[in-house]
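# Descriptive analysis of the structure
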Amino acid sequence: MNNLLDNKIEFLKGVGPKRAAILNKELNIYTYNDLLNYFPFRHIDKSRIYNVTEIDNDNIYYQIAGRIDNIKSFGSPRLTRITANLTDETGTIELVWFKGLKWIKTRFLPNQKYLLFGKASSFNNKFNFVHPDIEDFNPDDFTQGESLQGVYNTTEMMKTQGLGTKSIAKLVKTLLFQVKESIQEVFPKYILEKETLISRSAAYFNIHLPSDPHQLQLSVNRLKFEEHFFFQLQLLHNKKNRELYVKGYPFKVVGKYFNDFYANHLPFPLTNAQKRVIREIRQDLGAGTQMNRLLQGDVGSGKTIVALMVMLIALDNGFQAALMAPTEILAAQHLDTIQKLLENMPVEIALLTGSTKARQRKIIHEGLQSSKLQILIGTHALIEENVQFKQLGITVIDEQHRFGVAQRARMQEKHDIPPHILVMTATPIPRTLAMTQYGDLNNSRIDEMPPGRKMVETRHLYQNQRLQMIGFLKKQIGYGRQIYIVYPLIRESEKLDLINLMEGYESLLRDFPEPDYRICMVHGQMKAADKDFEMQRFVKGQAHIMVATTVIEVGVNIPNASVMVIEHADRFGLSQLHQLRGRVGRGADQSYCLLMTDFKLTAEAKRRMATMVRTNDGFEIAEVDLQLRGPGETQGTRQSGQIEFKLGNLLQDEKLIKYVRHLVNQILDDDPQLLKPDNQILKSHFEKIFKKTFDWSRIS
Ligand code: ADP
Ligand code: MG
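For the structure given in this document, a descriptive report is provided here. (Residues numbered from 1 in each chain as written. Chains lettered and ligands numbered in written order. Predicted model: local features only at pLDDT ≥ 70, side-chain atom pairs only at ≥ 80, totals over all residues. Heavy atoms only, no water.)

A separate point is the nonpolar core. Phe261, Val306, Leu342, Ile375 and Ile394 are the most contacted members of the largest nonpolar core, which totals 41 residues. Sorting the residues of this core by element identifies helix H9 (256–265), helix H10 (272–286), helix H11 (303–316), strand S10 (320–324), helix H12 (328–341), strand S12 (375–378), strand S13 (392–398) and strand S14 (420–425) as the ones contributing at least two each. For this core, the leading source of residues is H11, giving 11 residues. If sequence neighbours within four positions are ignored, Leu342 has contacts with Phe261, Leu308, Leu312, Val347, Ile349 and Ile375. Core analysis: the second largest hydrophobic core is formed by 34 residues, Leu5, Leu23, Tyr152 and Met158 among them. (Core = buried A, V, L, I, M, F, W, Y, C linked by side-chain atoms within 4.5 Å. Buried < 20%, exposed > 50% of the residue type's maximum accessible area, 1.4 Å probe, protein only. Helix = DSSP H or I, 4+ residues; strand = E, 2+ residues; numbered from the N terminus. Contact = heavy atoms within 4.5 Å.)

See below:
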C-alpha cells in the first residue's frame, strides 16, 4: 500500500503510455504523487444556477440552464461560425462557436434542457458566451455535494491532445478515490492538534474536490502550513547542523583591543541598533561554532564601525581579520576610515587589491605569515590569490551582492576550521526573504540611523517642471553644493540610452553654460582612465554637476554632493532608486532627490515614485519592492535558484512563515536529531522529500 503513490502515472486508469508521455513532458508529472500534487489554480462555483438577466460581468464564470434554439450557420461554402440562443425563464442570451461546427450543428435537441457553463463576453454592448461548456441538464447533479470544481493549468499542446483541464480533473478524481487510504499523515498528533490542522488525506481530497469554500480553505491552510514547515525544517536543519557540527574558533574574550577602542577611541556614541548587533555577533563568536551572519543596514547606518569592532574581538583572541570590499575604491576607502579610527592604537593594517605591487605584496604575505599583520583589507584579491594567513579568525564581506555563495564557499575550503563570516549588505532584505532565501543565515539589522542625520527630501517632478528644477539646481550650486544627474542605462550597450544621455548632457551644457558652471560626465562606455579623470574633477570640486549613468551606484563618498536628480526615474526599480538616493545626504547639508518623469506613468511606476517621496526607510522600501515586483525579481542576486512554493506565497505569508519558523526552531531545540518517537514521522517525511538523511553524525 505504501508505494501506491509512487506508481508511474501511466498505470492510472485513463492514462496509458501516450498520455503519460505528455504528462511527463508538459507538466513534469511522472507518478501518482506528482498528479496528486498538481493543484488546481482556481475553483469555479457550480453550486448556483444564474438567471440570464443576472449576467452583468464579462469576467465571471456563470452557470445557467435553459433550452437552446434558433441555431444559425454562417459562411459558405465553408462554415465559419454558428450562433444559437439559450433561453431560460428570464430571458435569452446568444451562444457562439467558431470551431467544431459540424458537431455543434446537430448537437442540440429543441426540447431538451441544457446546463451551460462559461465566461460571459461582451460584444456590441450585449453579453454572449463563446464556446461555453454545455451538458445535458440533470437535476441530480446538484445534490451530489461536489459544488466547487478545480480548474487545472494545461498547455496548448495538451489541449490538442484531448488533455484539457476537464480531463485532468477527471484523472485526479479517479486517482483520489484510488489513493485516499494511502495518503499518509506527515505531522505527529501533537502538531495536528495544536495547530488545528485537518488530516493530510482530507486536505488532498478537498483541495481538488472541495464540497464548499470552507473545506477548500481548510485544505489550503493545511497544505500551505506543511509546505512552509518542511521548507523551514530544511533550512533550520542546515543551520543547526552547522552550529552543532562545524567547528569555529571560540572567541572567548573581549580584551584590550576592543576595550581600549571602546573606552578611548570611539569617535561617537554607538546607536542602540549598533550596540544590539555587536551583542548579537559577539554571542555567535563565543559559541565555538562558525558564525555565518548577515548584517543588514541601510547606506549610512554605520556598518563600518561595527565591522571594525568585531575584527578587534578577533585580535583580542589572537586571530587575524580580513575585510573584503567589492571594488578597489571602496577597499581603499575602508582602509582610510579604519586607519583613522585606529590612529592611536598599535594595530597593523594593510591593503591588498589587484593593483598592489609585487614588492608590497611580498611584504604583506610575510606579515600575514608571521602574524605581524593583523587586519587585511582588500578586494576579492584576498581570496583569489595565494594569500595565506597564519590564523585568520574572521572575514567581513561588505556588500554581499558582489560576492556569491560560491566565493564564500571557497573561503571555507581554505581552512580546516573556517573563519567566522559576517556579510554586510546595504540592500535591505524583506522579512519574508530573510526567513526563506537567507533562512540558513543568522540575521542582524541596523534599523536606526546615527543621530542628526537629515532625511533626504524627495520630490517627484514632471518634465514640464524642468525649468523649476534647473532654477533649483542653480540655487544649490550658488550655495556651493554639487549635483548628480543620473540617466538610466539599463544595459550599457543600449544605443538609445546613450543617445538619451548625450542629448541630456548637451541640453545641460546650454542650461548651465561655462565658465560659470562646469559639468563632468561618466558612463560605462568610457575608458577607465577617462572615467577616472572625470570622476576626480567632481571629487576635487572642480565640476559642479556630474552627469552619470548608474555607474555611480556603488561609488565614492562625496559629502558635498547634496542633490541627486534622476532622469526617467520610472525606469528604475525601487531598490535602485533608493541606492542612488543614498549617494547624497552624506554631509551636513540638507540634501534633495528629484525624480523626473513624463506625465504618463503606469500605476506601478506611480506607486514607486510615491514610495520614494514618502519614506527614506530602506526596509520599508524593500517591502514595497517585493510587493510590486514579486520575489523573483527583487533579489536576483542569490546564486542558488529562486524558491518556488506551490501554495505558499512570499507576499502574503509573512506571519505564517514567522510562526512556522518559530515552531520548527522549538522542535529542533528540543529534539535536534528528531529522535523522539513523536517526531519520527517528521524525520521520515523529511528524508523522503529531500532525499537525504537527517542524521547529522553521518554527514561528513
Ligand atoms: P554604511 O553602513 O553605509 O557602511 P558607514 O559605516 O560608512 O555606513 O557610516 C556612515 C557615516 O556615519 C560615517 O561617516 C560614520 O562615521 C558615521 N557614523 C556611524 N555610526 C555613527 C554613530 N553611532 N553616530 C554618529 N555617526 C556615525
Ligand atoms: Mg559601507
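Moving on, we get to the packing of aromatic side chains. Remark: the centre distance and the inter-plane angle together describe each pair of aromatic rings, the angle taken between the planes. Throughout the structure, instances matching the rule amount to 20 aromatic pairs. Within the aromatic cluster, the residues linked to one another by ring pairs are Phe187, Phe225, Phe229 and Phe230. The lysine or arginine in question, Arg81, covers the ring of Phe74, its NZ or CZ lying 4.0 Å from the ring centre. In this structure, Lys180 is placed above the aromatic ring of Phe205, and the distance from its NZ or CZ to the ring centre is 5.0 Å. (Phe/Tyr/Trp six-rings, centres within 6.5 Å; stacked < 30°, edge-to-face > 60°. Lys NZ or Arg CZ within 6 Å of the ring centre and 35° of its normal.)

So, on to the sheet that holds strand S21 (residues 592–597). Pairing within the open sheet is parallel, and its six strands lie in the order S16-S21-S20-S17-S19-S18. Each edge of the open sheet is held by one strand with a lone partner, namely strand S16 (457–462) and strand S18 (519–522). Averaged over all pairs of adjacent strands, the angle between their axes in this sheet comes to 20°, without regard to strand direction. Pairing of strand S20 (residues 561–566) with S21 involves four bridges; the strand directions are parallel. The partner of Val565 across the bridge, within S21, is Leu594. (Pairing = 2+ DSSP bridges. Axes fitted to C-alpha atoms, helices over the stretch in contact; angles between N-to-C directions.)

Taken as a whole, this structure holds 24 salt bridges when the rule is applied. Note that Lys194 and Glu195 form a salt bridge whose closest N and O atoms lie 3.3 Å from each other. For Lys194, a relative accessible area of 52% translates into the label exposed. The class of Glu195 is buried, set by a relative accessible area of 13%. When salt bridges that share partners are traced, they join Arg276, Glu280, Asp284, Arg293 and Asp447 into one network. (Salt bridge = Lys/Arg side-chain N within 4 Å of Asp/Glu carboxyl O.)

This part covers unusual backbone geometry. Residue Ser76 is joined to Pro77 through a cis peptide bond whose omega torsion reads 5°. Relative to the helices and strands, Pro77 is located in the loop between strand S2 (61–74) and strand S3 (81–87). Here the amide bond leading from Glu514 into Pro515 is cis, since omega sits at 0°, within 30 degrees of zero. Tracing the chain through its elements places Pro515 in the loop between helix H18 (495–511) and S18. If you check the backbone angles, His131 has positive phi at about 50° while not being a glycine. Its place among the elements puts His131 in the loop between strand S6 (126–130) and strand S7 (133–136). The backbone of Leu674 shows a phi angle near 50°, a positive value even though the residue is not glycine.

Without other data, these values stay purely geometric and don't point to any function.
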